[in-house]
Amino acid sequence: MESRYAPQAVEARWRAVWEKYQTYRSQPDARPPYTIVMPPPNVTGVLHMGHVLNNTLQDILARFYRMRGYNVCWVPGTDHASIATEAKVVARLRSQGLQKHEIGREAFLREAWKWTEEHSGIIVQQLKTLGVSADWQRYRFTLEPSLYRAVIETFVRLYRDGLIYRGKRMIHWDPVALTALSDEEVLYKEHESELCYVRYVADKGDYLVIATVRPETILADVAVAVRPADERYKSWIGRQVRVPLTDRYVPVIADEAVDADFGTGCLKVTPAHDPKDYEIGQRHKLPIIDVFTADARLNENAGPYKGLSREEARRRIIHDLHEAGLIEKIEPYKHSVGHSERTDAVVEPRLSEQWFVRMKPLAELAQQAVEAGDILLVPERFSAIYHHWLENIKDWCISRQLWWGHRIPAWYAPDGQIFVAVSESEAYAQAQAAGYDPRTLRQDDDVLDTWFSSWLWPLSVFDFFEDPRNPDFQYYYPTQVLVTAPEILFFWVARMIMAGYYFTGKKPFSTVYLHGIVRDKQRRKMSKSLGNSPDPLNLIQAYGADAVRMGIIMSAPAGNDLLFDEALCEQGKNFCNKLWNSFRLLHLWRQRTQDQPSDSPLAWEAYRWFEAYLSLVEAEVEKMIREYRFYECSHKLYSFVWDQFCSWYLEALKPTPPAPLLEKVEDQAVRILRLLHPFMPYITEELWHQLTEAPEELSLSHSSYSPVDQSEVDWFLLDAVRLAQTSISKIRQIKQALHLSDLKAMRIAGYQAKMAPILKLWLEHFLEVPLLHPSDRGETDHLLRLPIRATGVESDFRTRSTLYQEIFYLDAGIEEHKRMEMVNMLKKELREAESFRESILRKLENQQFIQKAPQEIVEKEQKKLSDIEVRLSWIREQLEAMGATL
RNA sequence: GGGAACUUAGCUCAGGGGUUUAGAGCGCCUGCCUUACAAGCAGGAGGUCGGUGGUUCAAAUCCACCAGUUCCCA
């Protein structure tokens, strides 16, 4: 074995072996299923740090439950990502001097498929590099034929059930992608803007002042509204004012929707360009004037401003208003403005004909599921956010003015009659039956929102819509857990829950684990434009996949955002190397024990101790993973392997454990590999094969695991060794502080009869100085007395209150100039102990405390007091022996 | 405007009414190339747990208010 772990070769080899033997293939069988569907990444995307975190977490669960006898099925796949992919294809065409509409739908789709084929597979390879133990034979794509059919079928079904309708509504319009967006695809950002106070002059020359941030829409004004009860403007209601820069007069109307506290309390009503104004317009039967084109330029209704962009028009109109003396004042104003999630363009409210899903009935299903505890959100606090959203849900705009996606299965007759059907022939048949000529039918040009296919994902990957009674669906559905980021709780998670209940009557998954967003050290979101997102493949190349996995998990507290720092990968790499070298030591021992059997009196004792410790850690890891506490678990394993296994146990077994013991130690080492495997699959697989010489088709990920019975844990031994460890550290500290290079012997003063033999073994081994019985008096002048205390084993699942302290004499010559140093140390310790004693005394002298606090708490305080008294007296005695004045 | 959180060591975070005087990792300092590992070993310094009140025998921990920060939604 090399002294440095080289992950690249090892990882490549096991990746190939797992592929060759289809190690992670899952088929229905007699075992209980454990199913995860992978949140499908964008088919043409590349792996980023968010994917690394998301898939590592899923892989930990998959491998953990696989090792516990579940039939784990992790279904991978990719998403066609309608807007994102179409935008990239459009850009490529443009670079070739081609326009989407010039080449037409069919040619465009051929281009899009070409693009998809060129880029798909990249991310799949990258996921495999990370060590993802998905069943790759079950790979699905949201736009493949059977999933396409599923989308069309659900559309038709929801339409027939009255849950899908077509309507003219105010929607969010992306003027760059030229498509409608759902509410969820709009992100709000703070903008520094200007609030213009504009005069609307009436025929008598008096005027109203209106505050607006969008003067470019003035030309679309059809009314001015005030609050009915607003005393300032009562007399104005019913009068006419002139729209600035035009000759048009519009009425002053009264409407409750006006906010009297905003600006001057007067509102310009622009039904074509503001959702609230649209509603006011509807109520008052106002006309609608649209002054924008689809790409957010001004149109012919804007007269001289035609052709200008929104921004240019705003500047020109403000300028012209100034010229006309119609600007009262301009104030700086901060407000949030909607941006397209995909193109980052400022979205425009736009009135248009779109398809919608009626959400209220579906939302109720989704809400009940979480309320009743059928579906658990982890961390729990996301439930509140989830409910809040569902309560205020609006209908879902699902049509997109794009070509890349599932084409809406609706056909229109020339008079506007709509026929919705799963196929063209069915639509024709419907039309014919209704007395229309099928040849005049025209299919809707639009496609469906990407999420309209994603929300079916847990159903469609098991071909529910092809055949609800198929064995895969029956066996694997409902799935166990969904692992995703909270940003798509509404986009995706809530809608999958709706689809699950609506179409199958069953939940799609039992638990949703929501992890944080990966940010950089400055808390900025990782993004391509900032260039702050490291390429995970480079990291894997440099540190190894196991290291990257461990690094990212160790920095990802549940539900909190994760501040990624490359140093974490380095830590992961160092950890791999540490583990590697600990197995290298086992390997060396095995070679050595054959020719020179040696014995260490401590070795067997240490073995018994580590056995107890290991079984505690096993139980803890079991609990932590089942509770989705990955971060804590990674830290626990890290310190367990590094501190307890390497620093204490292996050191205790040195120089060479006897052969029969080594075999037992190797069994323990395998148990450690099992614990680590979900986090670091490659190195553990490698070390397992090296140690056990198992044939390559066997995988550690299938080796079963049975937790040890906790009732057999030797708590006394754990306490004793803990005391020994604390004592060793303390004595090392004193040795270093006082440069006691000539330490000759140690004596125990207190002498716990039962613990003494254990202490003797450990202390003598680690400090290489004899530990003498208290009766073996030496030259007391040269003895240091060290009050040493140690606590019991710390553990999450059992509070240990047994505490021990021990006092040691160190037999060493102290040079005169070090005497003062020692005296000062002891004095400092004395002061601390005294103040501690006082704090306990204050409690115990308080009658209220004695009367009201539980008996055991009082007793504990009394125990503390007597312990500290003993320690104080030892310190004083020592100081006196050194001739110090107190 | 509505909602969810956060504020503990230089940095990132655990903990969560009474646990022998608040923990980890990283960083920093000191001494070591000790036969598994310098990607390492041994040790150290550093915090009145955001502020102010309250509840309690007991508050970093519970409550209220204040200040600051972040995220989500409109």
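Only a predicted model underlies this, so the values are computations on that prediction, with no experimental measurement involved.

(A) The arrangement of the overall build of chain A in detail. A count of helices and strands for chain A gives 27 helices and 29 strands. Against the globule reference of 29 Å for 886 residues, chain A gives a C-alpha radius of gyration of 37 Å, more extended than a compact globule. Expressed along its principal axes, the backbone C-alpha trace of chain A runs to roughly 115 × 65 × 55 Å. Across the 886 residues of chain A, 39% fall into the buried class. Pairs at least 24 apart in sequence give 78% of the contacts found in chain A among residues at least 6 apart.

(B) Molecular detail of the protein's contact with RNA strand B. Inspection of the region around RNA strand B gives 59 residues, with Asn-574, Asn-577, Asn-581, Phe-836 and Gln-848 positioned closest. Going through the elements one at a time, strand E7 (186-201), helix H10 (382-391), helix H18 (566-595), helix H20 (630-653), helix H23 (715-737), helix H25 (816-845), helix H26 (847-852) and helix H27 (855-881) are the ones with two or more residues in the surface near RNA strand B. By residue class, the composition of the surface near RNA strand B is 21 nonpolar, 20 polar and 18 charged.

(C) The pairing of strand E26 (residues 745-748), seen in detail. Across four bridges, the pairing between E26 and strand E29 (residues 804-811) is antiparallel. Bridge pairing links Arg-747 to Tyr-809 in E29. Note that E26 and strand E27 (residues 771-772) share two bridges and pair parallel. Residue pairing in the sheet places Arg-747 in a bridge with Leu-772 of E27.

(D) Expanded view of the nonpolar core. In this structure, Ile-497, Val-548, Leu-637 and Ile-683 are the most contacted members of the largest nonpolar core, which totals 193 residues. With twelve residues, the top contributor of residues to this core is H20. Ignoring sequence-local partners within four residues, the contact set of Leu-637 consists of Val-621, Leu-675, Leu-676 and Phe-679. Counting residues in hydrophobic clusters, the runner-up holds 38 residues, among them Val-258, Ile-280, Ala-296 and Leu-321.

(E) Highlighting the sheet that holds strand E12 (residues 266-269). Pairing is mixed in the open sheet, where four strands are placed in the order E10-E11-E9-E12. Edge positions in the open sheet fall to strand E10 (240-242) and E12, since each of these has one partner strand only. On average, each strand axis in the sheet is tilted by 35 degrees relative to the strand beside it, whichever way the strands run.

(F) Fine view of the sheet that holds strand E16 (residues 396-397). Spatially, the four strands line up as an open sheet ordered E6-E5-E14-E16, and their pairing is antiparallel. Of all strands in the sheet, those with a lone pairing partner are strand E6 (179-181) and E16, marking the two edges. Note that strand E5 (residues 164-174) and strand E14 (residues 348-357) share ten bridges and pair antiparallel. Bridge pairing in E14 links Ile-164 to Val-357.

(G) Here's a closer look at the environment of Thr-479. For Thr-479, the position within the fold is in strand E22 (residues 479-484). Note: C-alpha distance between Thr-479 and Lys-507 (28 residues apart in sequence) is 8.3 Å. When near neighbours in sequence (up to four residues on either side) are disregarded, Thr-479 contacts Thr-35, Ile-36, Val-37, Pro-458, Pro-508 and Phe-509.

(H) Spotlight on the packing of helix H19 (residues 601-626) against H23. Where H19 contacts H23, the two axes come as close as 9 Å, and the packing angle between them is 110 degrees. Regarding the angle of H19 to H23, the classification is roughly perpendicular. Here Arg-608, Trp-609, Ala-612 and Tyr-613 of H19 come into contact with H23, specifically with Leu-717, Leu-718 and Val-721. Classifying every residue of the contact of H19 with H23 gives six nonpolar, no polar and one charged.

(I) Fine view of the confidence of the model for chain A. Of all residues in chain A, 93% have pLDDT values of 70 or greater, and the mean over the chain is 87. Below a pLDDT of 50 lies the segment residues 795-801, which in the model reaches eight contacts outside its immediate sequence neighbourhood of four places, other chains included.

(J) Seen up close, the packing of H10 against helix H15 (residues 489-504). One can describe the packing of H10 onto H15 by two numbers: an axis separation of 11 Å at closest approach and a directional angle of 85 degrees. When the interaxial angle is binned, H10 and H15 end up roughly perpendicular. Contacts between H10 and H15 involve Phe-382, Ile-385, Tyr-386, Trp-389 and Leu-390 from the first element and Leu-489, Phe-490 and Ala-494 from the second. Here the contact of H10 with H15 is composed, by residue class, of eight nonpolar, no polar and no charged.

(K) Spotlight on unusual backbone geometry. Here Tyr-477 and Pro-478 are connected by a cis peptide whose omega angle stands at -5 degrees. Checked against the element boundaries, Pro-478 lands in the loop between helix H14 (471-476) and E22. Omega for the peptide link from Lys-654 to Pro-655 comes to 5 degrees, which places this bond in the cis form. Following the sequence through the fold, Pro-655 ends up in the loop between H20 and helix H21 (659-676). Despite not being glycine, Asp-344 shows a phi value in the positive range, around 65 degrees. Structurally, the position occupied by Asp-344 is in the loop between strand E13 (327-340) and E14.

(L) Layout of the environment of Tyr-233. When you line up the elements, Tyr-233 lands in the loop between strand E9 (223-226) and E10. Residues Tyr-233 and Gly-265 lie 32 residues apart in sequence; the distance between their C-alpha atoms is 8.8 Å. Among all residues touching Tyr-233, those that are not within four sequence positions of it are Val-226, Gly-265 and Cys-266.

(M) The arrangement of helix H6 (residues 145-160) in detail. End to end, H6 covers 23 Å across 16 residues, agreeing with the expected 22 Å (1.5 Å per residue, within 8%). Residues of H6 that are buried: Leu-147, Ala-150, Val-151, Ile-152, Thr-154, Phe-155 and Leu-158. At the C-terminal side of H6, Gly-162 shows a positive phi close to 80 degrees.

(N) The environment of Glu-2, seen in detail. Within the secondary structure, Glu-2 sits in the segment before helix H1 (7-20). For Glu-2 and Arg-584, which are 582 residues apart along the polypeptide, the C-alpha to C-alpha distance reads 8.1 Å.

(O) View of H15. The end-to-end C-alpha separation of H15 is 21 Å, in line with the 22 Å expected for 16 residues at 1.5 Å each. Residues Trp-492, Val-493, Ala-494, Arg-495, Met-496, Ile-497, Met-498, Ala-499, Gly-500, Tyr-501 and Phe-503 constitute the buried set of H15. Downstream of H15 by a residue or two, Gly-505 has a phi angle that is positive, lying close to 80 degrees.

(P) Expanded view of the pairing of strand E1 (residues 33-37). Most of E1 sits out of view: four of its five residues are buried. Of the pairings in the sheet, the one linking E1 to strand E2 (residues 71-75) comprises five bridges and is parallel in character. If you follow Pro-33 over to E2, its bridge partner there is Asn-71. Between the parallel elements E1 and E2, the chain passes through helix H2 (residues 49-66) in a crossover that is right-handed.

Cut-offs and rules
- Residues numbered from 1 in each chain as written.
- Chains lettered and ligands numbered in written order.
- Predicted model: local features only at pLDDT ≥ 70, side-chain atom pairs only at ≥ 80, totals over all residues.
- Helix = DSSP H or I, 4+ residues; strand = E, 2+ residues; numbered from the N terminus.
- Rg over C-alpha atoms; globule rule 2.2 N^0.38 Å.
- Buried ≥ 20, exposed ≤ 12 C-beta atoms within 10 Å, placed from the backbone.
- Contact = placed C-beta atoms within 7 Å.
- Near = placed C-beta within 6 Å.
- Nonpolar A, V, L, I, M, F, W, Y, C, P; charged D, E, K, R; others polar.
- Pairing = 2+ DSSP bridges.
- Core = buried A, V, L, I, M, F, W, Y, C linked by C-beta atoms within 7 Å.
- Axes fitted to C-alpha atoms, helices over the stretch in contact; angles between N-to-C directions.
- Parallel < 35°, antiparallel > 145°, perpendicular 65-115°, else oblique.
- pLDDT = per-residue confidence, 0-100.
- Expected span 1.5 Å × (residues − 1).
- Right-handed = clockwise from strand over helix to strand, strands pointing away.

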